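# Chains, contacts and geometry: an overview
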Amino acid sequence: MTVYESDLPGVGKKFEIELGDDERLVVVIHNTGKREVFRRTGDEDSVKLFELTDQLSRQVGSILEGAYFQPVTTQETETMLDENTLLEWVKVVDGSDVAGRTLEDVDFRNRTGATVVAIQREDEETESNPGPETRIRAGDTLIVLGARDACQTVESMVSATDEADLETLEERDPDSRDDA
Amino acid sequence: MAALLLEAGAMFAVIALAASVAQRVGQSVIPFYVVAGMLVSPAVAGRFDLPALQNQEFIELLAELGIVFLLFFLGLEFSLDRLLESSGEIGKAGTLDLLINFPVGVVVGLALGWSVLEAFVLAGIVYISSSAVITKSLIDLGWIANDEAQPMLGTLVYEDLFIAFYLAVLSAVLIDSGDFVDILLDVAVAMGFLLVLVAAVYLGTEYFEAYLDVDTEELFVIRAVAVTVLVAGVALAIGVSEAVAAFFIGMGFSSTDHLHDLERRLIPLRDVFAAVFFFWIGLNTDPAVFGDLAVVAVLAALVVVTTPTKVVSGFFGGRIYGLDDRRNLRVGLGMVTRGEFSLIISSLAAGAEGSVVLSETIPAVAVGYVLVMSILGTVLMQYAGSFERFVVDREPSEPTAD
């Protein structure tokens, strides 16, 4: 990454950061402390994205830097038990095809090879080891244990929002089960 | 006392109103301050039996502080090291700008039958673009993040540095209307004083640093104001331009760690006093002079001649920086605005009272010129897109030739 720095007499300093694809991020730091951020493509005029006060830009800067929060993707959404076995969190959104159905009805285990080992309920305690009669609700987070492929199939089923999607998934199911 | 405070209050109210109007119509504040000053002057408001603001001494003092702070801030932007670093392109583009625009002023002055000194004053007025207005427009239009900002700001830096020395020479020449030897002596004294200041700037960074190394914000501001105003006052007392002295004090602080704090804490002071300066210019201008055909003719000639010269010098200045022609045109259009320094030069000439041309014609012409050029320049920048088509439309034929 190349950063170009230049003086703007009477105004402050300008920094240009190459973003690739002939795009540059242009940051103008005024002597007054104001920051202006622009994006420029090739020889086009710079397009102003936003401006921040001195204090606000320091805060935003440290957020970007990761000082407040470091994203660690694998721990956040999934846990590797071994090379191919995962524990994954799958959110049930409003309108999901599995919402309102029982675990027995959806039958993840036979269809995908993955097991729902717990359900995090909104505003309620987590239900560990849910029975076949447990009904899935929108807003639930399913904790799924299984092979990587199986977990992905569960994710697709849960995020499917009309019956047709579920049908096509069902057709693919035997393969998943064989893998597992 | 009550009358004085009332006058001061009325003055600031008028200035605030002018600034609001300028903001509303999206124009630079400088012409509006000047016009506001004219409107409430005895020459206009007084003529209609309305309460007029007299040109009190306190207004003149605040205006004088305005000049001092304007130049002090200019000096703050000049770190000698930084300047030397980027001197190559700035030097070329700036010299081109000087060689085209300064002689034009001299030629027009001589053609009007004025003396060499009068033509020299006129040349300064038409040469110097307005850093304040142009920089503000650059930020407002978002050009500041584009490539055209570099040649424009660079050329402004060159002009400002030139004008600092120009003012030093001019004030020495103007203040003494005696014989040639006296003038030489004054120029020598002025240059000697400036040399001392430059040496102090160059060698005394640590003293500048220590001087403002204080605990409280209050003491910091007061110390900064004290040294700036005192040195400016001493300069004026021995016949050297107070503006140039303030410029060098600013320069002395530019390489210290206090640069940022100075800019942040003194900007409000500069803005207040500079506004009074522009207002004061208007207060001293009787708009009736624009009914004088001679003044109007000179004014029209200057606008017609010096607008294209700035566009041309800016255009080729942009080429020195290696920009494309669309941006070069923007540089040219952007440099048209004249403002604060033209007024400072003319107020210097008016104060000298050497001849009728210096004390009456040139100040009147300068005020009209700045009014026209600051508005014209801002408008040219706003509508640069319409002019760019003249350059860009021809370009499709060029790439095939390439």
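Below: a short report on this structure. Just so it is clear, the structure is predicted and the values come from calculations on it, not from any experiment.

## Section: the overall build of chain A
When its secondary structure is counted, chain A shows six helices and ten strands. Within chain A, the fraction of its 180 residues that count as buried is 35%. At a minimum sequence separation of 6, the contacts of chain A that also span at least 24 residues come to 43%. By element, 47% of the accessible surface of chain A is carried by carbon and sulfur atoms, the whole surface being about 10,800 Å².

## Looking at the packing of helix α11 (residues 217-237) of chain B against helix α12 (residues 242-254) of chain B
Residue and element names in this part refer to chain B. Taken N-terminus to C-terminus, the directions of α11 and α12 make an angle of 145 degrees; their axes are 8 Å apart at the nearest point. In this structure, α11 crosses over α12, and the sense of that crossing is right-handed. Counting all contacts with α11, which are made through V227, T228, V231, A232, A235 and L236, the residues of α12 involved are E242, A245, A246, I249 and F253. Its residues assigned to classes, the contact of α11 with α12 shows nine nonpolar, one polar and one charged.

## Looking at the layout of surface pockets
Residues and elements named next belong to chain B. Computed from the structure, the largest pocket encloses a volume of approximately 1,300 Å³. Around the largest pocket, the lining is made up of 45 residues, and of these A132, V133, K136, R270 and D271 lie nearest the centre. Elements with a minimum of two residues in the lining of the largest pocket: α1 (2-24), α2 (29-39), α3 (57-76), α7 (131-141), α8 (149-175), α13 (259-283), α16 (340-352) and α17 (356-382). Broken down by element, the residue count for the lining of the largest pocket peaks at nine residues, all from α7. Taken together, the residues of the lining of the largest pocket sort by class into 23 nonpolar, 13 polar and nine charged.

## Some details on the interface of chain B and chain A
At the junction of the two partners, chain B supplies 18 residues and chain A supplies 21 residues. Carbon and sulfur atoms supply 49% of the area that chain B and chain A bury against each other, a total of about 1,700 Å² over both sides. At the surface where chain B touches chain A, the tally comes to four salt bridges. Measuring nitrogen to oxygen at the nearest pair gives 3.1 Å for the salt bridge that ties R327(B) to D45(A). Viewed at the interface, chain A and chain B are joined by eleven residue pairs in polar contact (both at pLDDT 80 or more). Those elements giving two or more residues to the side of chain B that touches chain A turn out to be α7, α8, α13 and α15 (325-334) of chain B. Grouping the constituent residues of the side of chain B that touches chain A by class yields six nonpolar, five polar and seven charged.

## Quick word on the pattern of salt bridges
Going through the model one piece at a time under the given rule, you end up with 30 salt bridges over all chains. Taking the shortest distance from any N to any O, the salt bridge between K310(B) and D97(B) comes out at 2.9 Å. Taken together, the residues K310(B) in helix α14 (residues 293-320) and D97(B) in helix α5 (residues 87-111) connect sequence positions 213 residues apart. On the accessibility criterion, K310(B) (0% relative accessible area) is buried. When salt bridges that share partners are traced, they join K14(A), E16(A), E18(A), R24(A), R40(A) and D147(B) into one network.

## Notes on empty space enclosed by the protein
Residue and element names in this part refer to chain B. Tallied over the full model, the rule gives one cavity of 30 Å³ or more. Size it by volume and the largest cavity reaches roughly 40 Å³. What lines the largest cavity is A93, D97, T155, S313, G314, G317, V331 and M335. Top contributing element to the lining of the largest cavity by residue count: α14, with three residues. Here the residues of the lining of the largest cavity sort into three nonpolar, four polar and one charged.

## Describing the packing of α11(B) against α13(B)
All names here are of chain B. Viewed as axis vectors pointing N to C, α11 and α13 meet at an angle of 75 degrees, and their least axial separation amounts to 11 Å. Regarding the angle of α11 to α13, the classification is roughly perpendicular. Contacts between α11 and α13 involve E217, F220, V221, A224 and V225 on the former and, on the latter, D261, L262, R265, L266 and L269. Along the lines of polarity and charge, the residues of the contact of α11 with α13 split into seven nonpolar, no polar and three charged.

## Looking at the nonpolar core
All names here are of chain B. Counting residues in each nonpolar core, the largest one holds 138 residues, and the members touching the most others are L71 and F72. Considering each element in turn, this core owes the most residues, 14 residues, to α13. Non-local contacts of F72, meaning those with residues more than four positions away in its chain, are made with T228, A246, F247, I249, G250, F253, L262 and L266.

Cut-offs applied
- Residues numbered from 1 in each chain as written.
- Chains lettered and ligands numbered in written order.
- Predicted model: local features only at pLDDT ≥ 70, side-chain atom pairs only at ≥ 80, totals over all residues.
- Heavy atoms only, no water.
- Helix = DSSP H or I, 4+ residues; strand = E, 2+ residues; numbered from the N terminus.
- Buried < 20%, exposed > 50% of the residue type's maximum accessible area, 1.4 Å probe, protein only.
- Contact = heavy atoms within 4.5 Å.
- Areas by Shrake-Rupley, 256 points an atom, 1.4 Å probe, with all protein chains shown as cover.
- Axes fitted to C-alpha atoms, helices over the stretch in contact; angles between N-to-C directions.
- Left-handed = near helix turned anticlockwise from the far one by under 90°.
- Nonpolar A, V, L, I, M, F, W, Y, C, P; charged D, E, K, R; others polar.
- 1 Å grid on protein atoms, 1.4 Å probe; cavity = no way out; pocket = protein on both sides within 12 Å on 5 of 7 lines; lining within 4 Å.
- Points joined across faces, edges and corners; volume = space filled by probe spheres on them.
- Buried area = accessible area lost by both parts, 1.4 Å probe.
- Salt bridge = Lys/Arg side-chain N within 4 Å of Asp/Glu carboxyl O.
- Polar contact = N/O pair within 3.5 Å; in protein donor to acceptor, adjacent residues only side chain to side chain.
- Parallel < 35°, antiparallel > 145°, perpendicular 65-115°, else oblique.
- Core = buried A, V, L, I, M, F, W, Y, C linked by side-chain atoms within 4.5 Å.

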